[in-house]
Amino acid sequence: MRKLKNSELERLDVSEFKKVAKSPIIIILDNIRSLNNIGSVFRTSDAFLIEKIYLCGITAQPPHNDIRKTALGSTETVDWEYAEHTIDVVERLKKEDVKICSIEQAEDATMLDTFLPQPNTKYAFVFGNEVKGVEQDVVTASDEVIEIPQFGTKHSLNISVSTGVVIWDVFSKLKKPI
């Protein structure tokens, strides 16, 4: 087996990326403090054709060298918008019939492995601060809370890892007939 060269991967260029149909997935970052995590979320969002990222509260915005380091140019491909308050974004998207799902450990949360995204539905997944998680008012306003099952001694995953796990899981489920 031979590793493929970048030139053999047939990736989209920026203009093609902007024109191609996107996944029915939106990402909301609620007060993320790590610039490297933000850049990593952009890069993962590019890989799975995420429609848009909302950067809320203290979440830094491009251009920034520490975001650029991990984003590898994806801040130029993935649409993004800044909002001071996460709850304002959530309320606006709900009016547009976007289903809001907070990724959090909460009472009556749906485990990610049992979550079944519905066809013809747009989803916004909210990922919270590295220490405090998703703000309670956002959790309360969410249509659903989804928890990533974990089996070790730690109580959480890194925000960029959580985003990758959720995006891949939902993206792969949406590609299969339900």
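What you see is a predicted model, and the numbers here were worked out from it, not measured in a lab.

On to unusual backbone geometry, then. Each neighbour pair has its own omega, and for Pro62 with Pro63 the value is -5°, a cis peptide bond. With respect to the element layout, Pro63 can be found in the loop between strand E2 (50-56) and helix H3 (65-71). Although it is not a glycine, Glu10 sits at a positive phi angle of roughly 55°. Summarising the element assignment, Glu10 is placed in the segment before helix H1 (14-19). Unlike most non-glycine residues, Asn31 shows phi in positive territory, near 60°. By the element assignment, Asn31 lies in the loop between strand E1 (23-30) and helix H2 (35-47).

As a further point, take the side chain of Thr163. Looking at the secondary structure, you find Thr163 in helix H6 (residues 159-175). Of the polar contacts made by the side chain of Thr163, one reaches the backbone oxygen of Ile159; its length is 2.8 Å.

When two helices pack together, their arrangement is given by the angle between their axes and by how far apart the axes lie. Look at H2 against H6: their axes get within 8 Å of each other, and the N-to-C directions meet at 15°. Put simply, H2 runs roughly parallel to H6. Remark: the crossing between H2 and H6 carries right-handed chirality. Where H2 abuts H6, its residues Asn37, Ser40, Val41, Thr44 and Ser45 lie against Ile159, Ser160, Thr163, Gly164 and Ile167. Among the residues making up the contact of H2 with H6, the classes are represented as three nonpolar, seven polar and no charged.

It is worth spelling out the pairing of strand E4 (residues 99-103) at this point. The element E4 is extensively covered by neighbouring structure, given that four of its five residues are classed as buried. The sheet contact formed by E4 and strand E6 (residues 123-128) spans four bridges and is parallel. Its bridge partner lying in E6, Ser102 is registered against Val126. As paired elements, E4 and strand E7 (residues 144-147) share three bridges and run parallel to each other. Each bridged residue has a counterpart across the sheet, and for Cys101 the counterpart in E7 is Glu144.

On to the nonpolar core, then. Side chains of nonpolar character tend, in soluble globular proteins, to be buried together. In this structure, Ile27, Leu29, Ile38, Ile53, Phe125, Phe127 and Val166 are the most contacted members of the largest nonpolar core, which totals 31 residues. Those elements that place two or more of their residues in this core are E1, H2, E2, H3, E4, E6 and H6. With five residues, the single largest contributor to this core is H6. One finds Ile26, Ala83, Val90 and Val134 within the second-largest nonpolar core, a separate group that totals 19 residues.

What follows covers H2. Taking 1.5 Å per residue, 13 residues should reach 18 Å; H2 reaches 19 Å between its end C-alpha atoms and fits that length. Buried within H2 we find Leu35, Asn37, Ile38, Gly39, Val41, Phe42, Thr44 and Ser45. Buried-residue contacts for H2 involve E1, E2, H3, strand E3 (80-83) and H6. For H2, the side-chain oxygen to backbone nitrogen distance between the N-cap and Asn36 is 3.4 Å, and the N-cap itself is Ser34. Just downstream of H2 lies Leu49, where phi reads positive at about 55°.

The rules behind each value
- Residues numbered from 1 in each chain as written.
- Predicted model: local features only at pLDDT ≥ 70, side-chain atom pairs only at ≥ 80, totals over all residues.
- Heavy atoms only, no water.
- Helix = DSSP H or I, 4+ residues; strand = E, 2+ residues; numbered from the N terminus.
- Polar contact = N/O pair within 3.5 Å; in protein donor to acceptor, adjacent residues only side chain to side chain.
- Axes fitted to C-alpha atoms, helices over the stretch in contact; angles between N-to-C directions.
- Parallel < 35°, antiparallel > 145°, perpendicular 65-115°, else oblique.
- Left-handed = near helix turned anticlockwise from the far one by under 90°.
- Contact = heavy atoms within 4.5 Å.
- Nonpolar A, V, L, I, M, F, W, Y, C, P; charged D, E, K, R; others polar.
- Buried < 20%, exposed > 50% of the residue type's maximum accessible area, 1.4 Å probe, protein only.
- Pairing = 2+ DSSP bridges.
- Core = buried A, V, L, I, M, F, W, Y, C linked by side-chain atoms within 4.5 Å.
- Expected span 1.5 Å × (residues − 1).

Remember, this is a structural readout, not a statement about activity or role.
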